[in-house]
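The residues making up each chain are set out below.
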Amino acid sequence: MSLTNYLVLAAILFAIGATTVLLRRNAIIVFMGVELMLNSTNLLLVTFARYHGNLTGQVLAFFVMVVAAAEVVVGLAIIVSIFRTRRSASVDDVNLLKS
Amino acid sequence: MSGTLATVHAALPAVLPAALEETGRTSTGEAVLFWVLAPIMVLAALGLLFARKTVHAALAVVVVMVSLAFLYVAQDAVFLGVAQVVVYTGAVMMLFLFVLMLVGVDRSDSLVETIRGQRWIGVLAGVGLGVVLAGVVGRATYAPARGLVEANAASNPVGVARLIFGDHVLAFEVVGCLLVVAALGALVLTHRRRLTPRIGQRELAERRVREGGSLVPLPAPGVYARHNAMDVPALGPDGRPLEHSVPRVLRVRGQEADAREYAARIDRVLAGGWANGAGSFTSATGDGPPLGARALAVHAAGQEDAPDDAPGGADGADEPSAASADAHTADGDEMRDEEVAR
């Protein structure tokens, strides 16, 4: 098996995550779609690290992980505070700026 | 931790031959692992896309992430594999589940399209993106893979640590700051300023005293020899049923039982009516209403200002009688005698 299979799998997962972000309206599911995209990028980075025999790709994946954790914390806090004020977790209901 | 990682790493070649062959192709074991896990991952990712319930979507994402951890370990990224399980599955997805429970799990997506045709455009864009990415990535020509045997010579975590704390130490520090800022930001975002004064136990107690009413807990429902459930009111010391001893829910639903039946029998038994031959359960009503029923009648009449037909009962009931059951029945006995004499 060639390592390209990993790359194709990562691409498919990324596309599914992107479709989730585009189609779903529940903010939490949209957020999980973002997480899926980040994860597939990590798979890509790990595979390329193996291609090149260089661990920098893994280090980058590690940083992606840490930043994703921080992003999840802030994003979920935003979702919770929006839910508290507007009683909704749907991304369609966040239209306060629409005149 | 690093000892465990080193053990895992040392045991890895035996379990899973991760090293690449000369041509840059993977071993058969890794290929089998990949072809088992890849369909599972794609199906779980589609589960995220199509799941109706948010919790199911979250569990599907957990499956994807755990499978990814397997693939990382198979690809000589042991440290990342463990970090994937700990950080993503353990922390991030659990945080997601917490927020799901906080926000409410029963909220499903609305099917109303805010933007017309968004669904089809989204599907088209997603499929297009997938085809383009997979096509580009899959058809590109790569140099033969070199594998990580050299880079991982001193075990994978050591190699990664050398890079992180060597070349990328500044980024590492910045990321640490980022995490602290994110934690503080989450605290600030979810902090709720109290707009109304806090109502504690003391305030509740003071309000209760100020408003009057009963300061002590409400009386428990009645306990009778033939009935011991919450739907029958207890009798007060004066023989009247206490309405508020029945839970409010039952009263609102109209499921409150009549205390008269059970109270009447107790009265007659305690008064010795049956044993003394003064009457049976069925004939006792002929002598006049038993105490429980009389008390009920008095209770009803007390609200409509003292009826003419039961002055003695009204007097007896209005007197603050002793709280003990014996005194109560003695009282009832007297009243009963009076009535019989009359």
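Because the structure is predicted, anything quoted here is derived from the model rather than measured.

S.K.: Looking at this structure, I do not really get the overall build of chain A. What am I missing?
M.R.: Looking only at helices and strands, chain A features three helices and zero strands. Ordered by position from the N terminus, the helices and strands of chain A form the series α-α-α. Expressed as a percentage of the 99 residues in chain A, the buried residues total 63%. Within chain A, contacts between residues at least 6 apart in sequence are counted, and of these 56% link residues at least 24 apart. Of the accessible surface of chain A, which amounts to about 3400 Å², a share of 71% is contributed by carbon and sulfur atoms.

S.K.: It is not clear to me how a nonpolar patch on the surface should be interpreted in this structure. Could you clarify?
M.R.: Where nonpolar side chains cluster on the molecular surface, the patch consists of Val 32, Val 36, Ile 40 and Val 63 of chain B and spans about 310 Å² of accessible area. Top element by residues in the nonpolar patch is helix α2 (residues 28-50) of chain B. It accounts for three residues.

S.K.: Explain the interface of chain B and chain A here, please?
M.R.: It is common to give the size of an interface as the accessible area lost on bringing the parts into contact. Opposite the 88 residues of chain B that make contact, chain A presents 69 residues. Counting the surface lost from both chain B and chain A, the interface buries some 7200 Å², and carbon and sulfur atoms represent 73% of this. At the boundary of chain B with chain A, the tally comes to 19 residue pairs in polar contact (both at pLDDT 80 or more). Mapped by element, the contributors of at least two residues to the side of chain B that touches chain A are α2, α3 (54-74), α4 (78-103), α5 (118-139), α6 (156-165) and α7 (169-190) of chain B.

S.K.: What is the right way to look at unusual backbone geometry in this model?
M.R.: One can expect most non-glycine residues to show negative phi and most peptide bonds to be in trans. Residues and elements named next belong to chain B. A positive phi angle, near 70 degrees, is found at Asp 76, a position not held by glycine. Tracing the backbone shows Asp 76 in the loop between α3 and α4. Phi at Ser 155 takes a positive value of approximately 65 degrees, unusual for a residue other than glycine. Mapped onto the fold, Ser 155 is located in the loop between α5 and α6.

S.K.: Any chance you could explain the nonpolar core here in plain terms?
M.R.: Ranked by internal contacts, the top residues of the largest apolar core, which has 75 residues, are Leu 9 and Met 32 of chain A together with Met 93 and Phe 96 of chain B. For this core, the elements supplying multiple residues, two or more each, are α1 (4-23), α2 (27-52) and α3 (56-86) of chain A together with α2, α3, α4 and α6 of chain B. Ranked by residue count, the leading element in this core is α3 of chain A, at 13 residues. Every residue in contact with Leu 9 of chain A, bar those within four places of it in the chain, is listed here: Leu 43 of chain A together with Phe 34, Ala 38, Met 41, Val 42 and Leu 71 of chain B.

S.K.: Where do I start with the packing of aromatic side chains in this structure?
M.R.: Think of a pair of aromatic rings as described by two things: how far the centres are apart, and how the planes are tilted against each other in angle. This model, assessed by the stated rule, comprises ten aromatic pairs over all chains. Centre to centre, the rings of Phe 31 of chain A and Phe 96 of chain B are 5.6 Å apart; their planes meet at 55 degrees, and the pair counts as tilted. Taken together, the positions of Phe 31 of chain A in helix α2 and Phe 96 of chain B in helix α4 put the pair across two chains. The two residues Phe 31 of chain A and Phe 96 of chain B agree in class, both being buried. An aromatic cluster is present here, built from Phe 62 and Phe 63 of chain A together with Phe 79, Phe 165 and Phe 172 of chain B joined pairwise through their rings.

S.K.: Could you clarify how one ought to interpret the packing of α2 of chain A against α3 of chain B in this entry?
M.R.: α3 of chain B packs onto α2 of chain A with a crossing angle of 10 degrees between their chain directions and a minimal axis gap of 11 Å. It follows from the interaxial angle that α2 of chain A and α3 of chain B lie roughly parallel. Counted together, Ile 28, Ile 29, Met 32, Glu 35, Leu 36, Asn 39, Asn 42, Leu 43, Val 46 and Arg 50 of chain A of α2 of chain A and Thr 54, Ala 57, Ala 58, Val 61, Val 64, Met 65, Leu 68, Leu 71, Tyr 72 and Ala 74 of chain B of α3 of chain B form the full contact between these two elements.

S.K.: Quick question: what am I supposed to make of the confidence of the model for chain B here?
M.R.: The predicted coordinates of low-pLDDT regions are not to be read in fine detail. All names here are of chain B. In the predicted model, chain B carries a mean pLDDT of 76, and the fraction of residues at 70 or more is 68%. Within the model, the stretch residues 274-342 combines pLDDT values under 50 with 59 contacts to residues more than four positions away or in other chains. Predicted complex metrics record ipTM = 0.92 and pTM = 0.66.

S.K.: It is not clear to me how α4 of chain B should be interpreted in this structure. Could you clarify?
M.R.: Since the α-helix advances by 3.6 residues per turn, residues separated by three or four positions end up pointing in the same direction. Its 26 residues place the ends of α4 of chain B 35 Å apart at the C-alpha level, agreeing with the 38 Å of an ideal helix rising 1.5 Å per residue. Just downstream of α4 of chain B lies Gly 104 of chain B, where phi reads positive at about 115 degrees.

Cut-off values and rules
Residues numbered from 1 in each chain as written. Chains lettered and ligands numbered in written order. Predicted model: local features only at pLDDT ≥ 70, side-chain atom pairs only at ≥ 80, totals over all residues. Heavy atoms only, no water. Helix = DSSP H or I, 4+ residues; strand = E, 2+ residues; numbered from the N terminus. Buried < 20%, exposed > 50% of the residue type's maximum accessible area, 1.4 Å probe, protein only. Contact = heavy atoms within 4.5 Å. Areas by Shrake-Rupley, 256 points an atom, 1.4 Å probe, with all protein chains shown as cover. Patch = residues over 30% accessible without salt bridge, like charges linked within 9 Å, V, L, I, M, F, W, Y side chains within 5 Å. Salt bridge = Lys/Arg side-chain N within 4 Å of Asp/Glu carboxyl O. Buried area = accessible area lost by both parts, 1.4 Å probe. Polar contact = N/O pair within 3.5 Å; in protein donor to acceptor, adjacent residues only side chain to side chain. Core = buried A, V, L, I, M, F, W, Y, C linked by side-chain atoms within 4.5 Å. Phe/Tyr/Trp six-rings, centres within 6.5 Å; stacked < 30°, edge-to-face > 60°. Axes fitted to C-alpha atoms, helices over the stretch in contact; angles between N-to-C directions. Parallel < 35°, antiparallel > 145°, perpendicular 65-115°, else oblique. pLDDT = per-residue confidence, 0-100. Expected span 1.5 Å × (residues − 1).

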